[in-house]
Structures are given as structure tokens and as C-alpha cells.
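# Fold and contact review
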Amino acid sequence: AFIFWFLIVFSLLIINFINSEKEFYQQFLIIFFIVSLFNSFFILSNSQAENNQISAVNQKVDNKAVDEIKFESTPNIYLLVFDGMANFETAKNYYNFNSDTSLKMLEDIGYAVNDYSTSPYGQSLATMGSILNLKYQFDEGIISFFERSNKLESFKNTQTATYDIFINNNYEIFLMGKIFPCNTNLKNIHCIESYAYESTSYKILINTPIAIIVNNRSTFPNIYNLISEILNFSCKPDCGEKTIDEISMEINTLEDPKKPNLILLHYMYTHEPFTVESDCTDREFILYEYPIYNDGAYVDSIECSLKQLQDLDSYLNKSDIVVAMSDHGPFYYSKVDYFSDLTIEDIDNRYKTFLAYKIDEGLKCSTNSNFQSVNIFRTLINCLSSSNLELLDVKSYFMSYGTQRGSINYGNENVDLIDINFNEK
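The text that follows walks through the structure, step by step, so that each part is easy to find.

### Topic: the pairing of strand S12 (residues 414-418)
The sheet contact formed by strand S3 (residues 141-142) and S12 spans two bridges and is antiparallel. If you follow glycine 141 over to S12, its bridge partner there is valine 415. Direction of pairing for strand S11 (residues 396-398) relative to S12: antiparallel, over a ladder of three bridges. Note that in S12 the partner of phenylalanine 398 across the bridge is aspartate 416.

Next up, the structure:
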């Protein structure tokens with residue numbers, strides 16, 4: 001792929017060099033430029049027209065119902081999302097993770113673990129859109145790539161049902177991470193800047209054939225070292241996220257102490273590229289491959305993520321609620337574009353997720369196997385009020401991965417229901 005890309009670019013440069021002075025070629029370039037310009041305007045106007053025809057995602061459960069939900073208890077609530085973190089059983093079976101040690105650590109600081117947690121879509125935005133809007137964003141059937149992209153963009157830029165309910169109950173909301181819609185113009189919303197590693201060099205790596213050299217650097221060590229020097233792949237000055245101490249200080253500066261807080265934190269440690277050691281210090285070299293090729297680095301990233309829960313513990317009051325989860329697990333050997341190609345290993349890795357929670361027993365929350373996915377905030381809202389929001393059936397859907405970004409439309413347009421069996425290995 002890299003050689004093919006290089007040959008095309010090289011050939012175009014040669015053609016341009018040979019013909020640059022020729023009149024017919026210059027006329028061709030002018031015509032090409034004008035046609036490209038008109039085509040861009042046409043695509044833009046057509047996209048805007050379609051945008052106006054597609055209704056935004058219904059962000060509400062029911063307007064009247066949202067307004068009428070009144071909390072009887074208002075503890076601080078923390079939701080920590082570890083992007084790409086596997087279910088403990090998956091991490092143990094595929095990546096040599098010592099789950100027993102981590103389970104004991106979580107139990108010692110008061111957490112319970114839901115071993116049967118699943119991802120609704122195996123994609124960040126669709127999953128978090130469903131959780132924060134208390135309903136599935138996409139159902140089974142054919143949904144065009146364009147419509148999916150519009151709905152996901154709508155989620156990123158629209159107030160969510162969860163925000164509305166908590167703000168109506170006098171909460172302040174603090175958000176860190178790109179998967180949470182954050183509009184500082186809205187009252188009671190505070191955005192915390194993230195350190196998540198997304199440098200220009202990383203974008204070049206994942207979106208160009210240079211990724212092939214990086215992921216096969218043992219085959220091309222000299223070329224890799226040269227590119228690494230030019231693009232600076234190492235962690236400088238820091239690839240990590242903000243620490244709990246930093247986040248806490250920022251919240252203390254911004255918050256109204258008379259109001260309870262809803263704090264949503266999105267961590268990228270367990271999502272490639274892997275940038276940290278188990279103690280959350282920077283790795284000497286960032287690793288860009290999937291976890292199956294770097295199980296040691298992946299386990300380090302899991303342990304670093306769990307360290308956030310340990311660090312958070314010293315800041316909690318007895319009544320505070322903490323939910324820690326992953327939006328999806330890792331890809332196995334590669335992305336899957338078609339439902340027919342989905343294997344048990346892909347499901348184990350991508351759709352079985354981590355979920356741990358710490359909830360005061362006095363709230364009498366129903367935390368059975370339904371406390372996951374789209375029911376997380378439905379359950380918490382029921383705990384804090386006399387409301388009785390119905391818990392939805394827990395489902396997982398397959399959508400071709402390219403639909404998340406909208407600009408990469410590969411795979412098919414079907415949304416398919418996945419049958420996840422936790423007993424099948």
C-alpha cells in the first residue's frame with residue numbers, strides 16, 4: 001500500500017514536471033481547478049440541503065417527564081470512561097492481565113464489578129450518545145452513512161437528556177474529553193481541557209501510509225528512525241492525561257460549593273497509541289499497534305487507568321457515586337467492516353466491556369446485570385428520585401466502523417443486532 005501510494009505521488013510529480021510549461025497542460029489544470037471548485041460548492045450545498053431534511057436525534061426522553069424529575073438525594077456523581085478498555089475476563093484471556101489483583105484492589109476501595117457489561121455499538125460516539133440520551137441512537141435496519149454521521153454530529157453539539165435532568169436538579173456539570181458534548185455557553189456546564197495525545201504527528205501516522213512503516217518498524221528500522229526523528233513520535237513534554245489532583249483543583253476553582261457536581265471524565269490511556277507505563281509515567285516510545293501486538297503495553301495502560309480510581313478515592317465523600325466503564329473494548333487483529341466477518345474473538349474484545357461502580361447502599365440502587373449501557377443513568381435517576389424510568393433491554397449492535405467518522409464510508413449500511421454469549425469461549 002505504501003509503495004503504491006508513493007508511486008502514484010511520484011508519477012504525478014513527474015507528469016507535472018514534464019508538462020508544466022506546455023499550454024494544453026496549463027489549460028487542463030485551469031479547467032480541473034474550476035470544475036473542482038464548482039464540485040466542492042455543489043457537495044457543500046447538497047450536504048446542507050440534506051442536513052436540513054434530516055431531523056436531529058431526539059435528545060429527550062419526554063420533555064414533560066424530564067422537567068418533572070425531582071431528585072430527593074443529590075450526591076456528587078463521577079463517570080469515568082476508559083476508552084478501549086477490555087472486560088477483565090477478556091483482558092485475562094487475551095492479554096495476560098492479572099485480573100485477580102485488580103479485582104481485589106477495587107473491592108478493597110469499595111467497588112463492585114459488573115462482569116456482564118457490554119458496549120451498545122462498539123464505537124465511542126454512538127455508545128455515549130445512547131448512555132447520555134437514555135435511549136439507543138440507532139436501531140436495526142438500513143441507516144445511511146450520511147444519516148449516521150449527522151446524528152453523531154448532532155450528539156456532539158447538542159444538549160443531552162442527562163444534562164437537562166441534572167441541571168434541572170441544580171447540578172453543575174464538569175466534562176473532560178472529546179466524547180462528551182461540552183458547550184461553555186450553557187449555564188452550569190464547565191469544560192476541562194484534556195491532555196489526550198492527539199498531536200499532528202499522530203494524525204499523520206493513523207491517516208497516511210506512514211502508519212505501515214511505524215507498525216512494521218522492526219522490518220524498516222532505519223526508515224522508522226529517520227521518520228521518528230523528523231516527526232518526533234516520543235512523548236514530549238507529556239502524553240498523559242490530567243491527574244485526579246489537577247482535575248480536582250480545577251473543579252474546586254470553578255464550582256459553586258452549594259451545588260452538587262456531575263463529573264464526566266474521558267481517558268484515552270487504554271486506546272492505541274499506548275503512551276504510558278503502569279504508573280502513568282510516559283513510555284519511552286509510543287506504541288501504535290493494536291493490543292494483541294503489544295499486550296504488555298496494553299496491560300500497563302489498564303493498570304494506569306485503574307490507578308485513577310485509587311487516586312480518586314481520597315477525594316470522595318461517603319455519599320458520592322462513581323461509575324467507571326469502557327465505551328468499547330479494543331479491536332482484535334483488525335477492524336471488522338462486515339457483520340458476516342465478526343468472530344467470537346472480535347465480540348469478546350470489542351463488545352464485552354469493563355464496568356465497576358461505587359454506590360452507597362443507602363440509596364438502594366438496583367445494580368443487577370441491567371445496570372450497564374443505556375441503563376446507567378436511567379438507574380441512577382431512579383435511585384435519586386421517585387421516578388420510575390423503565391430499564392431498556394440491554395442490546396449490542398454492529399455498525400461498520402467507518403460510519404463513526406462519517407468521512408470514511410466503507411463496510412455496509414446495515415445495523416445488525418449482536419448476540420453476545422458470556423459463557424462461550
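### Digging into the environment of glutamine 26
Mapped onto the elements, glutamine 26 comes out in helix H2 (residues 23-53). For the pair glutamine 26 and asparagine 16, spaced ten residues apart in sequence, the C-alpha separation works out to 9.8 Å. Apart from residues lying up to four places away in sequence, glutamine 26 is in contact with Ser20 and Glu21.

### Re the packing of aromatic side chains
Tallied over the entire structure, the rule returns 22 aromatic pairs. Centre to centre, the rings of phenylalanine 71 and phenylalanine 166 are 5.1 Å apart; their planes meet at 75 degrees, and the pair counts as edge-to-face. Within this pair, whereas phenylalanine 71 is found in the loop between helix H3 (63-68) and strand S1 (77-82), its partner phenylalanine 166 is found in helix H8 (residues 161-168), the two being separated by 95 residues in sequence. By relative accessible area, phenylalanine 71 is classed as buried at 12%. Look at phenylalanine 166 and tyrosine 171: their rings are 5.0 Å apart centre to centre, the planes differ by 85 degrees, and that puts the pair in the edge-to-face class. One aromatic cluster is present, formed by Tyr94, Tyr95, Phe274, Tyr293, Tyr298, Tyr332 and Tyr333 through successive ring pairs.

### Some remarks on the sheet that holds strand S2 (residues 112-113)
One open sheet holds the seven strands; their spatial order is S2-S10-S9-S1-S6-S4-S5, and the pairing between them is mixed. Both outer strands of the open sheet, S2 and strand S5 (189-192), are each paired with one neighbouring strand and no more.

### Focus: the side chain of aspartate 320
Positionally, aspartate 320 belongs in the loop between helix H13 (295-313) and strand S9 (321-325). Summary of buried charges: aspartate 320 has no salt-bridge partner, and the nearest side chain of opposite charge, lysine 358, is 8.8 Å away. Only 2.9 Å separates the side chain of aspartate 320 from the backbone nitrogen of asparagine 317, close enough to count as a polar contact. When residues no more than four places from it in sequence are discounted, the contact partners of aspartate 320 are Pro75, Asn76, Tyr78, Tyr315 and Lys358.

### Topic: the state of the cysteines
Structurally, a disulfide amounts to a covalent bond that connects the sulfur atoms of two cysteines. Overall, the coordinates contain three disulfides when judged by the stated rule. A sulfur-sulfur separation of 2.1 Å characterises the disulfide bridge that pairs cysteine 280 with cysteine 304. Disulfide cysteine 280 to cysteine 304: torsion about the S-S bond roughly 115 degrees, handedness right-handed. Of this pair, cysteine 280 sits in the loop between strand S7 (274-276) and strand S8 (282-287) while cysteine 304 sits in helix H13, and the two are 24 residues apart along the sequence. With a relative accessible area of 0%, cysteine 304 lands in the buried category.

### Overview of the pattern of salt bridges
Applying the stated rule across the entire model yields ten salt bridges. One salt bridge in this structure joins glutamate 147 and lysine 151, with 3.5 Å as the shortest N-O distance. With glutamate 147 and lysine 151 both in helix H7 (residues 145-156), this residue pair falls four residues apart, about one helical turn. Taking the relative accessible area as the measure of exposure, glutamate 147 reaches 26% and is therefore partly exposed. Where aspartate 360 meets lysine 318, a salt bridge forms, and the shortest distance between an N and an O atom there is 3.2 Å. In this pair, aspartate 360 sits in the loop between strand S10 (355-358) and helix H15 (376-384) while lysine 318 sits in the loop between H13 and S9, placing the two residues 42 residues apart along the sequence. Taking relative accessible area as the criterion, aspartate 360 reaches 24% and is therefore assigned partly exposed. Each of Glu277, Arg283 and Asp300 takes part in salt bridges that share partners, so that together they form one network.

### Digging into the packing of helix H6 (residues 124-133) against H8
Contact geometry for H6 and H8: axes closest at 6 Å, N-to-C directions at 35 degrees. Every residue of H8 that contacts H6 at Ile131, Leu132 and Asn133 is listed here: Ala161, Thr162 and Tyr163. Its residues assigned to classes, the contact of H6 with H8 shows four nonpolar, two polar and no charged.

### Considerations on empty space enclosed by the protein
Scanning the entire structure with this criterion turns up four cavities of 30 Å³ or more. Along its surface, the largest cavity is lined by 15 residues, and Phe331, Val336, Arg350, Tyr351 and Phe398 are the ones closest to its centre. Looking at side-chain class alone, the lining of the largest cavity contains nine nonpolar, four polar and two charged residues.

### Notes on helix H12 (residues 244-254)
Considered for burial, the residues of H12 that qualify are Ile244, Ile247, Ser248 and Ile251. Projected down its long axis, H12 carries its buried residues within an arc of 100 degrees, all on one side. Every exposed residue of H12 that faces more than 90 degrees away from the buried side is listed here: Met249 and Thr253. For H12, the secondary structure elements touched by its buried residues are strand S4 (172-176), S5, strand S6 (261-267) and H13.

Cut-offs applied
Residues numbered from 1 in each chain as written. Predicted model: local features only at pLDDT ≥ 70, side-chain atom pairs only at ≥ 80, totals over all residues. Heavy atoms only, no water. Pairing = 2+ DSSP bridges. Helix = DSSP H or I, 4+ residues; strand = E, 2+ residues; numbered from the N terminus. Contact = heavy atoms within 4.5 Å. Phe/Tyr/Trp six-rings, centres within 6.5 Å; stacked < 30°, edge-to-face > 60°. Buried < 20%, exposed > 50% of the residue type's maximum accessible area, 1.4 Å probe, protein only. Lys, Arg positive; Asp, Glu negative; His and termini not counted. Salt bridge = Lys/Arg side-chain N within 4 Å of Asp/Glu carboxyl O. Polar contact = N/O pair within 3.5 Å; in protein donor to acceptor, adjacent residues only side chain to side chain. Disulfide = S-S within 2.5 Å. Axes fitted to C-alpha atoms, helices over the stretch in contact; angles between N-to-C directions. Nonpolar A, V, L, I, M, F, W, Y, C, P; charged D, E, K, R; others polar. 1 Å grid on protein atoms, 1.4 Å probe; cavity = no way out; pocket = protein on both sides within 12 Å on 5 of 7 lines; lining within 4 Å. Points joined across faces, edges and corners; volume = space filled by probe spheres on them. Arc of directions from axis to C-beta.

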